[in-house]
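Structural overview
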Amino acid sequence: AQSVTQLGSHVSVSEGALVLLRCNYSSSVPPYLFWYVQYPNQGLQLLLKYTTGATLVKGINGFEAEFKKSETSFHLTKPSAHMSDAAEYFCAVTRPKGYQKVTFGTGTKLQVIP
Amino acid sequence: GAGVSQSPRYKVAKRGQDVALRCDPISGHVSLFWYQQALGQGPEFLTYFQNEAQLDKSGLPSDRFFAERPEGSVSTLKIQRTQQEDSAVYLCASSSSQTGGATEAFFGQGTRLTVV
């Protein structure tokens, strides 16, 4: 069984400040991990993914995340928030083999304050 | 089209009415998924197709929910005798991979179903 826990359903940051969205996972096998972004009334867009290899992964729009097996974490960061980053962010996990049934967290809504 | 297309975008149904939600995946994608996203929640898996075969329907909440993909392309999610608890956004996603793993799944914009 797999699951992800996102800490904080709402996060507010000032424009230009560091963005940190937290995600912890649980998986019985080495996981593949994802971050998706959802803008209002839109579908989900993949920001970045971790499969194997380098534990620091870079994604679109300046976001990155680090896979830390010892902490079972996959936190999302961005050095400087932009107003356009305001959206809901979902951490997700799947298993490497078999079809890609993805288990999502409950989401973190990011507010960027000018 | 270039992406996953879902229709209608919005649907209001009276309790007890049957509804049908359509998903047009990206051309050539063998894998198709349906998810249900309740207000304030993350998407939850409903069912998975590999081509026309429905390989996993473990997430369907009741026997009122039925999905099909008869020709391995367009899929329809049908909900019979809708209840208020069925109100949610229904997301469809498709992927070119049938073995899973790292291949990205592309999501449609969803159908927002409101049962009144």
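Above: the structure in question.
Notes on the structure follow. (Residues numbered from 1 in each chain as written. Chains lettered and ligands numbered in written order. Predicted model: local features only at pLDDT ≥ 70, side-chain atom pairs only at ≥ 80, totals over all residues. Heavy atoms only, no water.)

Digging into the overall build of chain A
Here is the rule: Here a helix means four or more residues in a row that DSSP labels H or I, a strand means two or more in a row labelled E, and each is numbered from the N terminus. The globule rule used for comparison is 2.2 Å times the number of residues to the exponent 0.38, while the radius of gyration itself is calculated over C-alpha atoms. Here, Shrake-Rupley sampling with a 1.4 Å probe gives the accessible areas, and only protein chains in the shown set may cover a residue. Under this rule, positive means Lys or Arg and negative means Asp or Glu; His and the chain ends count for nothing. One atom stands in for each charge, and that atom is NZ of Lys, CZ of Arg, CG of Asp or CD of Glu.
Helices and strands together make up the secondary structure of chain A, namely 0 helices and 11 strands. Each helix and strand of chain A, ordered N terminal to C terminal, gives the series β-β-β-β-β-β-β-β-β-β-β. Here the C-alpha radius of gyration of chain A, 13 Å, is about what a compact globule of 114 residues would show, namely 13 Å. For chain A, the spread of C-alpha atoms along the three principal axes comes to 45 × 30 × 20 Å. On chain A, roughly 5400 Å² of surface is accessible, and the fraction owed to carbon and sulfur atoms is 53%. Measuring between centres, the 10 positive side-chain charges of chain A sit 12 Å from its 6 negative side-chain charges.

Brief notes about the nonpolar core
Put simply, the test is: Here, the term nonpolar core denotes a set of buried Ala, Val, Leu, Ile, Met, Phe, Trp, Tyr and Cys residues that are joined through side-chain atoms within 4.5 Å. Between buried and exposed lies partly exposed: a residue is buried under 20% and exposed over 50% of the maximum accessible area for its type, with that area taken using a 1.4 Å probe on protein chains only. In what follows, residue pairs with any heavy atoms lying within 4.5 Å of each other are defined as contacts.
Counting 26 residues, the largest nonpolar core has W35, L48, F74, L76 and Y89 of chain A as its most contacted members. Residue contacts for Y89 of chain A: discarding those within four places in its chain leaves Q6, L21, W35, Y36, V37, L47, F63, L76, G107, T108 and L110 of chain A. Formed by 20 residues, the second largest nonpolar core is a distinct cluster that contains A13, C23, F49 and V115 of chain B.

Regarding the packing of aromatic side chains
Heads up, the rule is: Each Phe, Tyr or Trp ring, with Trp reduced to its six-membered ring, pairs with another whose centre is within 6.5 Å; inter-plane angles below 30 degrees give stacked pairs, above 60 give edge-to-face pairs, and intermediate values give tilted ones.
Counted under the stated rule, the structure contains 14 aromatic pairs over all chains. With a centroid separation of 5.5 Å and an interplanar angle of 45 degrees, the aromatic rings of F63 of chain A and Y89 of chain A are classed as tilted. Residue F63 of chain A is found in the loop between β6 (56-58) and β7 (64-68), and its partner Y89 of chain A is found in strand β9 (residues 87-94); the two are separated by 26 residues along the sequence. Owing to a relative accessible area of 0%, Y89 of chain A belongs among the buried residues under this scheme. Geometrically, the ring pair formed by F33 of chain B and Y48 of chain B is tilted, given 4.9 Å between the ring centres and 35 degrees between the ring planes. Separated by 15 residues along the polypeptide, F33 of chain B in strand β4 (residues 31-37) and Y48 of chain B in strand β5 (residues 44-50) bring together distant segments of the chain. This pair shows no difference in class: F33 of chain B is buried, exactly as Y48 of chain B is. The structure contains a cluster of three or more aromatic residues connected by ring pairs, namely F34, Y36, F90 and F104 of chain A together with F33, Y35, F45, Y48 and F107 of chain B.

As for the side chain of Q37 of chain B
Note the cut-off: By the criterion applied in these results, polar contacts are pairs of N or O atoms within 3.5 Å in which, for protein atoms, one can donate a hydrogen and the other can accept it, and in which residues neighboring in sequence qualify only through two side-chain atoms.
Relative to the elements of secondary structure, Q37 of chain B occurs in strand β4. Among the polar contacts listed, one links the side chain of Q37 of chain B to the backbone oxygen of Q41 of chain B, at a separation of 3.0 Å. Not counting chain neighbours up to four residues away, the residues in contact with Q37 of chain B comprise Q38 and F90 of chain A together with G42, P43, A88, V89 and L91 of chain B.

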